Amino acid sequence: MNVDLKKEAHKASSMGFNPVPVEGGDSKRPARKKHNSSFMESEEIDSTNWANFGISTGGISGNLGVLDFDLKNSEDAKGVLKRFSDRVGPELMSKLVVQKTKNKGYHFLYRCEVCLSNAKLSKNEKGHAIIETREEGGYIKCAPSEGYKWLRGDLSKVSVITPSERHNLFAASRLENKMIVKEAGKRLARSDKKYLEKFPEFNSDQDVGLTLLYEHGWSDCGEDDEWINLTRPGKSSGISAGYHKEKKFLYVFTTSQ
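Described in the following lines is the structure provided in the data block. Just so you know, these numbers come straight off a predicted model, no measurement behind them. (Residues numbered from 1 in each chain as written. Predicted model: local features only at pLDDT ≥ 70, side-chain atom pairs only at ≥ 80, totals over all residues. Heavy atoms only, no water.)

1. Considerations on the sheet that holds strand β1 (residues 19-22)
Spatial strand order, β1-β2-β8: 3 strands in an open sheet with antiparallel pairing. Edge positions in the sheet fall to β1 and β8 (139-141), since each has one partner strand and no second. On average, each strand axis in the sheet is tilted by 30° relative to the strand beside it, whichever way the strands run. With 4 bridges connecting them, β1 and strand β2 (residues 52-56) associate as antiparallel partners. Each residue of the ladder has a partner; that of Pro 19, found in β2, is Ile 55. (Pairing = 2+ DSSP bridges. Helix = DSSP H or I, 4+ residues; strand = E, 2+ residues; numbered from the N terminus. Axes fitted to C-alpha atoms, helices over the stretch in contact; angles between N-to-C directions.)

2. A short note on the nonpolar core
Ranked by size, the top nonpolar core spans 28 residues in total, and within it Leu 67, Phe 69, Phe 84, Phe 108, Tyr 110 and Leu 169 carry the most contacts. Only β3 (64-69), α3 (77-88), α4 (90-93), β5 (106-111), β7 (129-134) and α5 (163-174) provide two or more residues apiece to this core. Here the element with the most residues in this core is α5; it accounts for 4 residues. Excluding residues within four positions of it along the chain, Phe 84 makes contact with Leu 67, Phe 69, Met 93, Leu 169, Ala 172 and Ser 173. With 20 residues, the next largest nonpolar core counts Phe 17, Val 66, Leu 109 and Cys 142 among its residues. (Core = buried A, V, L, I, M, F, W, Y, C linked by side-chain atoms within 4.5 Å. Buried < 20%, exposed > 50% of the residue type's maximum accessible area, 1.4 Å probe, protein only. Contact = heavy atoms within 4.5 Å.)

3. Quick look at unusual backbone geometry
Each neighbour pair has its own omega, and for Ala 143 with Pro 144 the value is 10°, a cis peptide bond. As for its placement among the helices and strands, Pro 144 is situated in the loop between β8 and β9 (149-152). In this structure, Asn 63 is a non-glycine residue whose phi angle is positive, near 60°. The residue Asn 63 is located in the loop between β2 and β3 in this model.

4. Notes on the sheet that holds strand β11 (residues 227-231)
Strand order across the open sheet formed by 4 strands is β10-β11-β12-β13, with antiparallel pairing between neighbours. Looking along the sheet, the strands with just one partner apiece sit at the ends: β10 (219-223) and β13 (250-252). Taken pair by pair, the neighbouring strands of this sheet meet at an average axis angle of 30°, ignoring direction. Pairing analysis gives 4 bridges linking β11 to strand β12 (residues 241-244), with the strands arranged antiparallel. Following the sheet pairing, Leu 230 is matched in β12 by Ala 241.

None of this, on its own, says anything about what the molecule does.
Written as structure tokens, this is what we have:
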């Protein structure tokens, strides 16, 4: 039994996180199948062989949520992190506890009253996940397991964020989805594409679409090489949608719009 990991499990439990024993070596498989439905009590922690250490996400850990960045699936890992940080802004970024994973990925931890099932927020061109959530039903492997390191804060520093801030994190992540442009093109039927060819000037002018949005109360909240980030009418900040500069379409994140 790894005494250090057992102590870590007791410490996590005392802070309201459900500790998860993880199989040995490089495995990420939980060694306790009921970790999402049953909180691990002190006696079970003591009797468990802790090869590696993790924690459940979701309601059983106080509505813990994690953004899991699997950057080995991106050709522009540094760019993904920078664009995400720029979109989110320093104030919200400072509220996130950050862990580096063994495969050079990152975990961004938070707690929020809104906690839903796991979801893939962005994918590469082949459909492999770049950023996904770990919320209800999920778990993460974490330090002091080998190869995992806290870069900012630790479990004792996990902050509660608002549903609006959680939405902004997810919106900033979805703008890295390389499948958006591919899927947007598929939504147009052949007859639609032929019809749109009648309006070459309208379709080639980025400002036409943006002017229409501004006239109806949308506003800018930053941009990068690919996207212009927009805030919906009636909201003072945060990303509600992205306007794709090259393909000139609007990708909306809020169901109210």
